[in-house]
Amino acid sequence: MKQFPTIFRFELKTLLQEKSYKVMTILGVMLILIIMFFPRIVEQFQNKDADSKDRPLMLLAGEHKEEALPLFEETFQSYEVQLTDLSIPEIEDEIRDEVVKYAFDLDDLEAYRYFVKNVSLSDSNLAQADTLVQILYRADALTKAGLSPAEVARINMAPVHGEVVTLGKDQAQNYFYTYILLMLLYMVITMYGMTVAMRVATEKSSRAMELLITSSDPLGLMFGKIIAACLAGFIQMALLLGTGIGSYFINKKYWEDNRIVSSMFEIPPELLVYMLIFFFLGFFLYAFLFGAAGSLVSKIEQVNTVATPITFLLMIGFMGTLISMSVDVDNLAMKILSFVPFTSPMAMFTRIAMSTVAWYEIAISIGLLIITTLLIGVFTAKVYRIGVLLYGTPPKPKALWKALRQA
Amino acid sequence: MQLEMCNIEKSFGAKEVLKGVSLKAQGGRALGLLGRNGAGKTTSIRIIMNVFPPNAGEILFDGKPIDYSQVQFGYLPEERGLYAKQKIMDQLLYFAQLKGMSRKAAQESILYWLDRLEMTDYKDQKLETLSKGNQQKIQLITALAHDPQVLILDEPFTGLDPVNARLLEDVVREEIQKGKIVIFSSHQMAYVETFCDHIAILNDGEIVLEGDLESIKRCYPRNRLIVKSVDREKILAELGKQYEMVQDKDRLIVTLADEEDKGEVMEILSRSYNIDALSVLEPSLNDIFVQYAGDPPAEEKTKEEARA
């Protein structure tokens, strides 16, 4: 293992210099930045519009227009709300000529009318107006019943406050960040695990392995590759997550109202620690297997065939967790998956994120994962030692087992 | 310096690949390790280099069990290949550092060898952009850069044009002169004869012949003479009845019933005819190889067929 630092440095440098790595990381970071800064950029343009007093004109007409004005002004702040004495046909002409953007005829509160040239897909004016007109209608009725305007205002503005008392975790709050972290875990383990298999297979198919096995210890070669791939994956994951979280906090005021987005980034720090633990353990467990798989083939084309059972195992954990997330994160299947070492990095992590898991359950799950990872490490190192010297068709499991016992 | 394989045995499953192989390689001399495909050459080389341990036997260096942390090996494998998509300098540095060199020392040595093998201009290029012969020169640097005590070259001349082959010949000679142990495995017998004064022939996991090439050749009967002369027809007509003679292109091969007559016949020939060259016909390494290892290797066979 004394050549480990040399191998590690070489492997890491190779991975970080790969075009696909650079492009993917830069594009990912840029995409996140564009999305997170989008509302700020949009606001810059909107502000200019507001400064030039170029807000679209909204007209109120009809009997109740005066009582409605303060309410409409408060609700439609992005429009210039004005009262009008124009007749309905005249208002229609103004809208057709695009002098006026919107208009409300409030002659009859039970059947008010909304005028607009083209209704856009996201037009919520009518829905908002519904609420306002209802308030006006009630106020009108209450005034007619003899209440003073002050009393009416007090009834209308009565503050109602509901509070959720969460004893465990709020799944509506943590669903999105768990989803993102789970996706990241799955993708990084699969991608960089496959990278390890491909790198080993490349060395074998290019016959660089002939020279490597006579220059260094196979264990050093395997660990150097795996740890370098782990670090490359970690760097990429940290950059993407870091950019996301960082740019969210810079633009927090623009996103606070968006419950989905804001819940994505309000990740509890201790969950990030669990994420790291499960990422490293899960990564090593799978990278060992991928490395051994890569050592068994002679051509790069064969890697996929040999790696399929491993990717399948990963997929079981991922799909099982993903499905359970939207139903019940603590169902029996999830409980089992969260203790099986090949699925626990994703399943236990998700349970910790979305539910309340006892500390000893977490400890048992992590303990089992550590033991299995070590055992798999020892086993795959033996396979690797034999595999790198084998050329031709990949050995059948029985033949491999025989060779392992003789080694 | 002396490297020895002592009674090395190795099996893979039920297949016995090496059956008690012993041989010696000495510093300042090249050992030709010969054998047909599958005879056990690569396995022997891998055991010498500690890729895997033997089932029995040991490797000695200067008479003591070898300490791999003290002895450096340089290896040019028969199956060549490095990282196709990496820059040449980067990978040469990597391999030299794997052999324990510091970055600075590795850099100096690699630059020297790039210059020596006329490859300096390519150092910042990716390996895949080079021709096969040039890639082979780069691979040779991985075997030489760390100045190893033992140099193992497996078919080093395949794929090289005559100019590069000459360059490599010079380099190998220099390494032998520096006192290094050079183990040379090849099917190109002409090159083996050029470099190696010591050979070992492996056949089916056993050493069937080992020793000084000159002495081996001397062990063969020296009753055949090779005669080059413009008077071939005359000699054939006058002496053909007395001695067994065959014409082989522009020369005559005379086979004597008794080796003792050699001197007398040589004297008659040189006295009575216009002789260009006259010598005892020694067996070629190819003849020896065929005798000990069975059929000639494919390459030699084709040459012989072409000749016929």
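Each value, and the rule that gives it
- Residues numbered from 1 in each chain as written.
- Chains lettered and ligands numbered in written order.
- Predicted model: local features only at pLDDT ≥ 70, side-chain atom pairs only at ≥ 80, totals over all residues.
- Heavy atoms only, no water.
- Salt bridge = Lys/Arg side-chain N within 4 Å of Asp/Glu carboxyl O.
- Helix = DSSP H or I, 4+ residues; strand = E, 2+ residues; numbered from the N terminus.
- Buried < 20%, exposed > 50% of the residue type's maximum accessible area, 1.4 Å probe, protein only.
- Contact = heavy atoms within 4.5 Å.
- Buried area = accessible area lost by both parts, 1.4 Å probe.
- Polar contact = N/O pair within 3.5 Å; in protein donor to acceptor, adjacent residues only side chain to side chain.
- Pairing = 2+ DSSP bridges.
- Right-handed = clockwise from strand over helix to strand, strands pointing away.
- Axes fitted to C-alpha atoms, helices over the stretch in contact; angles between N-to-C directions.
- Core = buried A, V, L, I, M, F, W, Y, C linked by side-chain atoms within 4.5 Å.
- pLDDT = per-residue confidence, 0-100.
- Phe/Tyr/Trp six-rings, centres within 6.5 Å; stacked < 30°, edge-to-face > 60°.

A.B. asks: What is the right way to look at the pattern of salt bridges in this model?
C.D. replies: Note that side chains of opposite charge can pair when their charged atoms are close. Residues and elements named next belong to chain A. The full count for this structure, using the stated rule, is 34 salt bridges over all chains. Note that Asp-85 is salt-bridged to Lys-65, the shortest N-O span being 2.6 Å. Within this pair, whereas Asp-85 is found in the loop between β2 (80-83) and α4 (88-96), its partner Lys-65 is found in helix α3 (residues 65-75), the two being separated by 20 residues in sequence. Using a relative accessible area of 72% as the deciding quantity, one classes Asp-85 as exposed. Judged by relative accessible area, Lys-65 falls into the buried class, the value being 11%.

A.B. asks: Just checking my understanding: could you explain the interface of chain A and chain B for this structure?
C.D. replies: Residue-level contacts link 23 residues of chain A with 22 residues of chain B. Summed over both sides, the interface of chain A with chain B buries roughly 2100 Å², with 60% coming from carbon and sulfur. The largest contributions to the chain A side of the interface with chain B come from A:Phe10, A:Leu211 and A:Thr214, which together make up 29% of the buried area. Note that B:Glu79 is salt-bridged to A:Arg207, the shortest N-O span being 3.8 Å. Seen at the junction of chain A and chain B, the total is seven residue pairs in polar contact (both at pLDDT 80 or more).

A.B. asks: What's the story with the pairing of strand β8 (residues 181-185) of chain B in this structure? I'm lost.
C.D. replies: Within a regular strand, side chains alternate between the sheet's two faces. All names here are of chain B. When you tally the buried positions in β8, you get five out of five residues, the bulk of the element. Relative to β8, strand β3 (residues 30-35) is paired through four bridges, and the arrangement is parallel. Each residue of the ladder has a partner; that of Gly-32, found in β8, is Phe-184. Bridging between strand β7 (residues 150-154) and β8 involves five bridges; their strand directions are parallel. From the neighbouring strand, Val-150 faces β8, where its bridge partner is Ile-181. As for the winding sense of the linkage, the β-α-β connection from β7 through helix α5 (residues 162-177) to β8 is right-handed.

A.B. asks: What should I look at first to understand the environment of A:Leu106 in this one?
C.D. replies: All names here are of chain A. The topology assignment puts Leu-106 in the loop between β3 (102-105) and β4 (113-116). Separated by 41 residues in the primary sequence, Leu-106 and Lys-65 place their C-alpha atoms 6.0 Å from one another. Residues contacting Leu-106, with those up to four places away along its chain left out, are Leu-60, Ala-61, Gly-62, Glu-63, His-64, Lys-65, Ala-68, Phe-72, Tyr-112 and Val-133.

A.B. asks: Hey, could you run me through the sheet that holds β4(A) in this one?
C.D. replies: Strands pair in a sheet through their backbones, by hydrogen bonds, and they do so in one of two ways: parallel or antiparallel. All names here are of chain A. The strand order across the open sheet built from four strands is β2-β1-β3-β4, with neighbouring strands paired in mixed fashion. Each edge of the sheet is formed by a strand with only one pairing partner; in this case those strands are β2 and β4. Neighbour-to-neighbour, the strand axes of this sheet turn through a mean angle of 20 degrees, independent of strand direction. Direction of pairing for strand β1 (residues 57-61) relative to β3: parallel, over a ladder of four bridges. Considered in β3, the bridge of Met-58 is made with Tyr-102. Where helix α5 (residues 125-144) meets the sheet, it contacts β1, β3 and β4, and its direction lies at approximately 30 degrees from that of β3.

A.B. asks: For this particular structure, what's the right way to read the nonpolar core?
C.D. replies: Soluble globular proteins tend to bury their nonpolar side chains together. One finds B:Ile138 and B:Ile199 to be the most contacted residues of the largest nonpolar core, which totals 162 residues. If you tally residues by element for this core, the top one is helix α7 (residues 171-205) of chain A, at 14 residues. Beyond its immediate sequence surroundings of up to four residues, B:Ile138 is in contact with B:Leu82, B:Ile88, B:Leu92, B:Leu114, B:Met119, B:Leu127 and B:Leu130.

A.B. asks: Would you mind showing me how to read the sheet that holds strand β12 (residues 244-248) of chain B here?
C.D. replies: All names here are of chain B. Overall, antiparallel pairing links the four strands, which are arranged β12-β13-β11-β14 in an open sheet. A single partner strand is all that each edge strand has here, and the edge strands are β12 and β14 (275-280). Each neighbouring strand pair of the sheet contributes to a mean axis angle of 20 degrees, computed without reference to strand direction. Pairing between strand β11 (residues 224-229) and strand β13 (residues 251-255): five bridges, direction antiparallel. If you follow Val-227 over to β13, its bridge partner there is Leu-252. Each of β11, β12, β13 and β14 is contacted by helix α8 (residues 232-239), which is oriented at about 160 degrees to β12, the strand it contacts most. Along the sheet, helix α9 (residues 262-272) contacts β11 and β14; its crossing angle with β14, the most-contacted strand, is approximately 175 degrees.

A.B. asks: Teacher, can you tell me more about the confidence of the model for chain A here?
C.D. replies: Detailed conclusions should not be drawn from predicted coordinates in areas where pLDDT is low. In this model, chain A carries an average pLDDT of 87, and 97% of its residues clear a pLDDT of 70 or more. The weakest mean pLDDT in chain A belongs to helix α17 (residues 397-406) of chain A at 74; the strongest belongs to helix α15 (residues 344-354) of chain A at 93.

A.B. asks: I'm lost on the side chain of A:Thr380 in this one. Help?
C.D. replies: For A:Thr380, the position within the fold is in helix α16 (residues 359-387). Residue A:Thr380 is classed as buried on the basis of its relative accessible area, which comes to 1%.

A.B. asks: Explanation requested: the packing of aromatic side chains in the structure shown.
C.D. replies: Two aromatic rings, taken as a pair, are described by how far apart their centres are and by the angle between their planes. All chains considered together, the criterion is met by 36 aromatic pairs over all chains. Ring centres of A:Tyr21 and A:Tyr192 lie 6.3 Å apart, and the angle between their planes is 80 degrees; this geometry places the pair in the edge-to-face category. Here A:Tyr192 lies in helix α7 and A:Tyr21 lies in helix α2 (residues 19-51), a separation of 171 residues in the sequence. Consider the rings of B:Tyr94 and B:Phe95, whose centres lie 5.5 Å apart with planes at 50 degrees: the pair is tilted. Here B:Tyr94 falls in the buried class, since its relative accessible area comes to 2%. Ring-pair connections join several aromatic residues into one group, and the members of that group are A:Phe72, A:Phe76, A:Tyr79, A:Tyr102, A:Phe104, A:Tyr112 and A:Tyr114.

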